[in-house]
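# Observations on the three-dimensional arrangement
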Amino acid sequence: MPAMDEPHPLKRAIALVGLTALAKACTVSHQAVRKWEAAGRMPRTEWTGETHYSTAIEQLCSGEVTKEQLLAAWPKAEPTTQEIANAS
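Residues numbered from 1 in each chain as written. Predicted model: local features only at pLDDT ≥ 70, side-chain atom pairs only at ≥ 80, totals over all residues. Heavy atoms only, no water.

## Some remarks on the overall build of the protein chain
When its secondary structure is counted, the protein chain shows 7 helices and 0 strands. Along the protein chain, from the amino end to the carboxyl end, the secondary structure elements read α-α-α-α-α-α-α. Buried positions account for 31% of the 88 residues belonging to the protein chain. By sequence separation, contacts in the protein chain at least 24 residues apart represent 52% of the contacts at least 6 residues apart. Roughly 5,800 Å² of accessible area belongs to the protein chain as shown, and the carbon and sulfur atoms make up 55% of that amount. (Helix = DSSP H or I, 4+ residues; strand = E, 2+ residues; numbered from the N terminus. Buried < 20%, exposed > 50% of the residue type's maximum accessible area, 1.4 Å probe, protein only. Contact = heavy atoms within 4.5 Å. Areas by Shrake-Rupley, 256 points an atom, 1.4 Å probe, with all protein chains shown as cover.)

## Some points on the side chain of E46
Looking at the secondary structure, you find E46 in helix α4 (residues 45-48). With no salt bridge to any partner, buried E46 finds its closest opposite charge in K67, at an N-O distance of 6.2 Å. A polar contact is formed between the side chain of E46 and the backbone nitrogen of Y53, at a distance of 2.8 Å. When near neighbours in sequence (up to four residues on either side) are disregarded, E46 contacts T51, H52, Y53, S54 and L71. (Lys, Arg positive; Asp, Glu negative; His and termini not counted. Salt bridge = Lys/Arg side-chain N within 4 Å of Asp/Glu carboxyl O. Polar contact = N/O pair within 3.5 Å; in protein donor to acceptor, adjacent residues only side chain to side chain.)

## As for helix α1 (residues 9-17)
For an α-helix the count is 3.6 residues per turn, leaving residues at separations of three or four pointing the same way. Within the sequence span of α1, burial applies to P9, L10, A13 and I14. Within α1, the buried residues cover an arc of 145° as seen down the axis, which keeps them to one side. Tucked inside the fold, the buried residues of α1 contact α2 (19-26), α3 (30-39), α5 (53-60) and α6 (67-71). (Arc of directions from axis to C-beta.)

## Points about the nonpolar core
Ranked by size, the top nonpolar core spans 17 residues in total, and within it L10, L22, C26, V33, W36, M42 and I57 carry the most contacts. At the level of elements, α1, α2, α3, α5 and α6 are the ones that each hand at least two residues to this core. The element best represented in this core is α2, accounting for 4 residues. Setting aside residues no more than four positions away along its own chain, C26 makes contact with W36, Y53, A56 and I57. (Core = buried A, V, L, I, M, F, W, Y, C linked by side-chain atoms within 4.5 Å.)

## Quick notes on the packing of α1 against α2
Helix-helix packing is characterised by the crossing angle of the two axes and by the distance between the axes. Put simply, α1 and α2 touch, their axes get as near as 7 Å, and they point 110° apart. By the angle between their axes, α1 is roughly perpendicular relative to α2. For the pair α1 and α2, contact is made by L10, A13, I14 and V17 and by L19, A21 and L22, respectively. Tallied by class, the residues present in the contact of α1 with α2 amount to 7 nonpolar, no polar and no charged. (Axes fitted to C-alpha atoms, helices over the stretch in contact; angles between N-to-C directions. Parallel < 35°, antiparallel > 145°, perpendicular 65-115°, else oblique. Nonpolar A, V, L, I, M, F, W, Y, C, P; charged D, E, K, R; others polar.)

Okay, here's the thing in structure tokens:
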């Protein structure tokens, strides 16, 4: 995970190549990238192997932002309302 004073890897990638290029490389909208940025992590589908956005970003950034850096930013999940109800 990045140090407190370092920007999130996705923010660094956007700064390096631009939002348009990053969205195009991932074949998603600008809004999708902004959603990842706001969440502070890549989408769940990156960990399940359904998508490969982090690999595309690493290639686009010539390795300056790596897949490992992007996927290290998985925050602890908060329990869903359903999980809380089931625990009761």
